[in-house]
Amino acid sequence: MKWIEVNSYDEMSEVAADIFTKQLQVKPASILGLATGGSPVGMYKELVKRQQAGNISFNDVITFNLDEYVGLDQSSPASYWTFMHENLFNHVDIKEENIHLPNGKAENLDEECVAYDARIKEAGGIDLQLLGIGVNGHIGFNEPGTSFESLTNIVELTESTRTENAIYFDDSKDVPTHAITMGIQSIMNAKEIILIAFGEKKLEAMEKLKSGIITEDFPASQLLNHPNVTIIYGGTK
Ligand code: GLP
C-alpha cells in the first residue's frame, strides 16, 4: 500500500487526476471504477478540464460506479446517477452506453446484483478503481461487518451513514434505508485502486487503516491485502 500525503483538497484532487490521466493515456479504452461523495468532486473537475483541453479522452472508456440508493429514480437529484452526470459525464466525451451504475429501481434487485458483477467481468474487469471512505471505514456502501468475500449486494445503511449523507437530501427522512453496492470482493478484483480522503473527519479512519489491522469491522482494511493500492490523504493532523 502506497501512502501519498497531501496538503490540501486541491492537491489531493490533482494527484488523483494525474493517476487517472496516466491510466487513460496508457490505455484509452480503460475500464474505470468510479465513486460518489464530496471527496471525488475536485478530481472530476480536474478531469473535465483535462478532457476539454484535449489531454485525455473518455471516448473509449467504460465506467462502473460503486453504488446507488435503492428506490430512487435515476432522475432524482440525490441519485448517484444524477451526481455522476452533473459532476463528470455531462462534461466529457463519454458514450452514454458505456456508463454503468447499479440500478436501485430494478424489479428484481438480487438479479441486478448478480448481473452487475457479470457486466464488469464481461467488460474485462476494472483497471482502476476510485474509492472514498466513510467515517466508519465503509467503502462503496459496504458497512462494518460486511464479508470480505461479498460481491455486489443490497445493504441496509447504518444510521451514521444515513446522517452523513443527509446533506444531499431536502429532508433527512428522505435518505433511503438501503443501497446496492459492489461488494468488497468486487472492489478487490480491480487491478489498481486509489482511495482519497481529506479532512479532520477522516482522521480516525486513516489511523485505523495505518494500524495495519485487517478486520471485517473496518471494511477498508481489506485493501491492505490488495497488491496495488494508493492512498491519497491529508488534512488529518
Ligand atoms: C458515501 C458513498 C461512498 C463514499 C462515502 C464518503 O457513503 N457511498 O462511496 O466514499 O460516502 O463520502 P465523502 O467523500 O463525501 O466523505
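Residues numbered from 1 in each chain as written. Predicted model: local features only at pLDDT ≥ 70, side-chain atom pairs only at ≥ 80, totals over all residues. Heavy atoms only, no water.

1. Thoughts on the sheet that holds strand E2 (residues 31-34)
Here is step 1 of the chain: Spatially, the seven strands line up as an open sheet ordered E1-E10-E9-E6-E2-E3-E5, and their pairing is parallel. The sheet terminates laterally at strand E1 (2-6) and strand E5 (99-100), the two strands that pair on one side only.
Here is step 2 of the chain: For strand E3 (residues 62-65) and E5, the ladder comprises two bridges, and the chain directions are parallel. Among the inter-strand pairings, threonine 63 is bridged to a residue of E5, identified as isoleucine 99. (Pairing = 2+ DSSP bridges. Helix = DSSP H or I, 4+ residues; strand = E, 2+ residues; numbered from the N terminus.)

2. Looking at the site of the ligand
Here is step 1 of the chain: As a matter of local geometry, the ligand sits amid 14 residues, with Gly38, Ser39, Asp67, His138 and Lys202 nearest to it.
Here is step 2 of the chain: Measuring from an oxygen atom of the ligand, one finds a backbone N or O atom of glycine 38 at 2.6 Å.
Here is step 3 of the chain: Here an oxygen atom of the ligand sits 3.4 Å away from a polar atom, N or O, in the side chain of asparagine 165.
Here is step 4 of the chain: A total of 390 Å² of accessible area belongs to the ligand in isolation, and the protein chains cover 91% of it.
Here is step 5 of the chain: Classifying every residue of the shell around the ligand by side-chain character gives four nonpolar, eight polar and two charged. (Near = heavy atom within 4 Å. Polar contact = N/O pair within 3.5 Å; in protein donor to acceptor, adjacent residues only side chain to side chain. Areas by Shrake-Rupley, 256 points an atom, 1.4 Å probe, with all protein chains shown as cover. Nonpolar A, V, L, I, M, F, W, Y, C, P; charged D, E, K, R; others polar.)

3. Here's the deal with the packing of helix H2 (residues 41-52) against helix H3 (residues 80-87)
Here is step 1 of the chain: Two elements in contact, H2 and H3, have axes whose closest approach is 9 Å; the angle formed by their N-to-C orientations is 40°. Between H2 and H3, the crossing angle belongs to the class labelled oblique. Contact with H2, carried on its side by Val41, Tyr44 and Val48, involves Phe83, Met84 and Asn87 of H3 and no other residues of that element.
Here is step 2 of the chain: Its residues assigned to classes, the contact of H2 with H3 comprises five nonpolar, one polar and no charged. (Axes fitted to C-alpha atoms, helices over the stretch in contact; angles between N-to-C directions. Parallel < 35°, antiparallel > 145°, perpendicular 65-115°, else oblique. Contact = heavy atoms within 4.5 Å.)

4. Here we look at the side chain of aspartate 127
Here is step 1 of the chain: Among the secondary structure elements, aspartate 127 is positioned in the loop between helix H4 (109-123) and strand E6 (128-131).
Here is step 2 of the chain: Since its relative accessible area comes to 7%, aspartate 127 is described here as buried.
Here is step 3 of the chain: Within the structure, aspartate 127 has its side chain in polar contact with the backbone nitrogen of isoleucine 31 (distance 2.8 Å).
Here is step 4 of the chain: Reaching out from aspartate 127, the side chain makes a polar contact with the side chain of lysine 191 at a distance of 3.3 Å.
Here is step 5 of the chain: If we ignore the near neighbours within four places in the chain, the residues touching aspartate 127 are Gln23, Lys27, Ser30, Ile31, Lys191 and Glu192. (Buried < 20%, exposed > 50% of the residue type's maximum accessible area, 1.4 Å probe, protein only.)

5. Section: H2
Here is step 1 of the chain: Here H2 is twelve residues long and its end C-alpha atoms lie 17 Å apart, about the 16 Å a rise of 1.5 Å per residue gives.
Here is step 2 of the chain: Within H2, burial applies to Gly42, Met43, Tyr44, Glu46, Leu47, Val48, Arg50 and Gln51.
Here is step 3 of the chain: In the core, the buried residues of H2 are packed alongside helix H1 (9-26), E2, H3 and E6.
Here is step 4 of the chain: In the segment just after H2, glycine 54 is the residue with positive phi, at about 85°. (Expected span 1.5 Å × (residues − 1).)

6. Quick look at the side chain of asparagine 165
Here is step 1 of the chain: Note that asparagine 165 resides in the loop between helix H5 (159-164) and strand E8 (178-181).
Here is step 2 of the chain: The class for asparagine 165 is buried, based on a relative accessible area of 12%.
Here is step 3 of the chain: Ignoring any residue separated from it by four or fewer positions in sequence, one finds asparagine 165 in contact with Tyr69, Tyr80 and Phe141.

7. A word on the UniProt feature "active site" (unreviewed entry) in the protein chain
Here is step 1 of the chain: Cross-referencing UniProt, the feature "active site" (unreviewed entry) maps to Asp67, Asn136, His138 and Glu143 in the present numbering.
Here is step 2 of the chain: Its location among the elements puts aspartate 67 in strand E4 (residues 67-69).
Here is step 3 of the chain: Here aspartate 67 falls in the buried class, since its relative accessible area comes to 4%.
Here is step 4 of the chain: The residues touching aspartate 67, leaving out its near neighbours within four places in the chain, are Thr36, Tyr80, Leu101, Pro102, Gly140, Phe141, Ile180 and Thr181.
Here is step 5 of the chain: Every residue in contact with glutamate 143, bar those within four places of it in the chain, is listed here: Asn136, His138, Glu156, Leu157, Thr158, Thr161 and Pro219.
Here is step 6 of the chain: A polar contact is formed between the side chain of glutamate 143 and the side chain of asparagine 136, at a distance of 3.0 Å. (UniProt positions renumbered as here; feature names shortened; annotations may be inferred.)

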